[in-house]
Amino acid sequence: MTDRYAVIGNPISQSKSPLIHTAYARSTGQDLAYTAIEGPLDGFAGAVQAFRAAGGRGMNVTAPFKLQALELATVKLERAELAGATNALKFEGDEVIADNFDGIGLVNDIQRNLGVALAGKRVLLLGAGGATRGCLLPFLEQEPALLAIANRTVSKAESLVQALRGRRKLHGDILVCGAYGDFGHERFDVILNATSASLKGELPPVPASCFGPDTLAYELVYGKGLTPFLRLAQQAGCRQVADGVGMLVEQAAEAFEWWRGVRPDTTAVIQQLTVPLV
Ligand code: ATR
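(A) The arrangement of the overall build of the protein in detail. Each helix and strand in the protein was counted, giving 10 helices and 12 strands. Relative to a compact globule of 278 residues, whose C-alpha radius of gyration would be 19 Å, the protein shows 19 Å and is just as compact. Projected onto the principal axes, the alpha-carbon positions of the protein cover approximately 60 × 40 × 30 Å. For the protein, buried positions account for 51% of its 278 residues.

Structure below.
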């Protein structure tokens with residue numbers, strides 16, 4: 001029997017997940033159907049329950065349900081718990097298991113697809129919302145020399161650092177945070193825009209001096225072309241810029257492997273979804 005999976009969000013028509021997972025199913029020979037469900041804003045839990053009752057095996061979860069999905073889970077894996085949100089659920093018997101693959105998808109895109117190893121590097125994360133929360137643990141596991149978080153509201157970044165220190169013994173000053181201006185005199189190997197500024201056409205106030213010619217500038221949003229952040233990076237002389245299309249495709253590959261036990265190849269799907277950065 002064909003196994004059923006779905007992505008749930010509201011709105012949902014923009015989601016690339018059905019395209020990605022259908023391509024993975026085809027390339028790995030897995031017998032599954034993957035659809036998109038527009039969850040009612042006041043009825044998320046009911047929609048998940050109905051999908052499970054109809055034989056659903058797992059779901060991806062997107063805005064605005066990522067927090068509710070974690071609350072509903074009976075088993076919360078550490079990455080999801082620390083992120084405070086889940087983007088993937090697996091249904092096993094009575095259990096609803098929650099994980100979060102956004103951070104590992106981002107790490108895999110940077111290291112495998114863009115060829116930038118994170119070990120020993122100086123990394124600057126802009127923003128302290130859900131996207132940053134989801135990235136912290138997977139990034140720290142790569143053992144960068146420094147993981148700095150800059151946010152307008154510094155207290156939000158401080159809470160994230162504290163939450164991580166509660167879970168992991170971190171050596172020295174590997175994890176720091178502050179206001180954007182605090183990092184004006186420092187250069188970074190990788191700078192990631194994990195704010196929602198680009199969705200509004202805005203620029204987070206990252207000092208241009210943080211970029212060097214060999215800095216990787218990475219915009220977590222995808223498909224928006226050259227965002228104000230990426231344009232600033234280029235103007236600052238940065239040669240390597242990327243958006244989040246690879247992160248999207250790689251997090252899907254992690255979920256697919258979690259559900260099916262088979263690792264799909266991501267190259268063709270990334271090529272298909274890439275929008276030129278102009
Ligand atoms: P989510 O959890 O969905 O990521 P969020 O919690 O609202 O959304 O986080 C959005 C992030 O983008 C925050 O770090 C926000 O900064 P503040 O915490 O100071 O609000 C950041 N952000 C949004 N617009 C921004 C802008 N124009 N410049 C700089 N940071 C911005």
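(B) Representation of the nonpolar core within the structure. Core analysis: the largest hydrophobic core is formed by 30 residues, its most contacted members being Leu106, Ile110, Phe139 and Leu192. No other element matches the five residues that helix H6 (residues 130–140) contributes to this core. In contact with Leu192, not counting residues within four places along its chain, are Leu106, Ile110, Val123, Leu124, Leu125, Leu126, Phe139, Tyr218, Leu220 and Phe229. With 24 residues, the next largest nonpolar core counts Tyr34, Ile104, Leu248 and Trp259 among its residues.

(C) Up close: the packing of aromatic side chains. Inspection of the entire model under this criterion finds seven aromatic pairs. For the pair Tyr34 and Trp259, a centre-to-centre distance of 6.4 Å together with 45° between the ring planes defines the contact as tilted. Of the two residues, Tyr34 is situated in strand E2 (residues 32–38) and Trp259 in helix H9 (residues 245–260); the sequence distance between them amounts to 225 residues. For the pair formed by Tyr34 and Trp259, the shared burial category is buried. Taking the centre distance of 4.7 Å and the plane angle of 20° together, the rings of Phe44 and Phe65 count as stacked. With Phe44 in helix H2 (residues 44–53) and Phe65 in the loop between strand E3 (56–61) and helix H3 (66–72), the pair connects residues that are 21 residues apart, well separated along the chain. The buried category is assigned to Phe44, whose relative accessible area is 2%.

(D) Fine view of the site of the ligand. Neighbouring the ligand are 17 residues; Ala128, Gly130, Asn151, Thr153 and Glu202 lie closest to it. The separation between an oxygen atom of the ligand and a polar main-chain atom of Ala128 is 2.8 Å. Gly130 is positioned with one of its backbone polar atoms (N or O) 2.7 Å from an oxygen atom of the ligand. For the ligand, whose free accessible area comes to 640 Å², the fraction covered by protein is 73%.

(E) Quick look at H2. Taken together, the buried positions of H2 are Phe44, Ala47, Val48 and Phe51. For H2, the buried positions fall inside an angular range of 100° around the axis, keeping them on one side. Buried residues in H2 make contact with strand E1 (3–9), E2, E3, H3 and strand E5 (88–92). In the segment just after H2, Gly55 is the residue with positive phi, at about 100°.

(F) Spatial organisation of the packing of helix H5 (residues 102–113) against H9. Packing of H5 against H9 brings their axes to within 7 Å, and their N-to-C directions diverge by 115°. Read as a crossing pair, H5 and H9 show a hand that is right-handed. Contact with H5, carried on its side by Asp102, Ile104, Gly105, Leu106, Asn108, Asp109 and Asn113, involves Gly246, Met247, Glu250, Gln251 and Glu254 of H9 and no other residues of that element. Grouping the constituent residues of the contact of H5 with H9 by class yields three nonpolar, five polar and four charged.

(G) Looking closely at the sheet that holds strand E10 (residues 190–193). An order of E9-E8-E7-E10-E11-E12 is seen for the six strands of this open sheet, with the pairing classed as parallel. Of all strands in the sheet, those with a lone pairing partner are strand E9 (175–178) and strand E12 (240–243), marking the two edges. Adjacent strand axes in the sheet meet at a mean angle of 15° when their direction is disregarded. Pairing of strand E7 (residues 122–126) with strand E8 (residues 146–150), which is carried by five bridges, proceeds in the parallel orientation.

Cut-offs and rules
- Throughout this document, residue positions are counted from 1 along each chain, in the order its sequence is written.
- Totals for whole chains, interfaces and linings use every residue, but because this is a predicted model, local features are given only for residues with pLDDT of at least 70 and side-chain atom pairs only at 80 or more, for both listing and counting.
- Based on all heavy atoms of the structure, the side-chain values leave hydrogens and waters out of the count.
- What counts as a helix is a DSSP run of H or I of at least four residues, what counts as a strand is a run of E of at least two, and both are numbered from the N terminus.
- In this setup the radius of gyration rests on C-alpha atoms only. A globule is expected at 2.2 Å times the number of residues raised to 0.38.
- Type-normalised accessible area, obtained with a 1.4 Å probe on protein chains alone, sets the label of each residue: buried when under 20%, exposed when over 50%, and partly exposed for intermediate values.
- Residues belong to a common nonpolar core when they are buried Ala, Val, Leu, Ile, Met, Phe, Trp, Tyr or Cys residues joined through side-chain atoms within 4.5 Å.
- Contact between two residues is taken to exist if any of their heavy atoms lie within 4.5 Å; hydrogens are not considered.
- Planes of paired rings set the category: under 30 degrees apart is stacked, over 60 is edge-to-face and the rest tilted, where pairs are Phe, Tyr or Trp rings (Trp by its six-membered ring) whose centres lie within 6.5 Å.
- When we say a residue is near a molecule or strand, we mean one of its heavy atoms is within 4 Å of it.
- Definition of a polar contact: a pair of N or O atoms within 3.5 Å, with one able to donate and the other able to accept a hydrogen when the atoms are protein atoms, and with sequence-neighbouring residues admitted only if both atoms are side-chain atoms.
- Only the protein chains shown count as cover for residues, with accessible areas throughout obtained via the Shrake-Rupley method and a probe of 1.4 Å.
- It is the directions from the helix axis to the C-beta atoms that the arc portrays.
- Axis lines are fitted through C-alpha atoms, for helices just across the contact stretch, and the angle between N-to-C directions can take any value from 0 to 180 degrees.
- Crossing handedness follows the turn of the near helix against the far one: under a right angle anticlockwise gives a left-handed crossing, and clockwise gives a right-handed one.
- Charged residues are taken to be Asp, Glu, Lys and Arg, nonpolar residues to be Ala, Val, Leu, Ile, Met, Phe, Trp, Tyr, Cys and Pro, and polar residues to be all remaining types, Gly included.
- Two strands qualify as a pair provided that DSSP identifies no fewer than 2 bridges between them.

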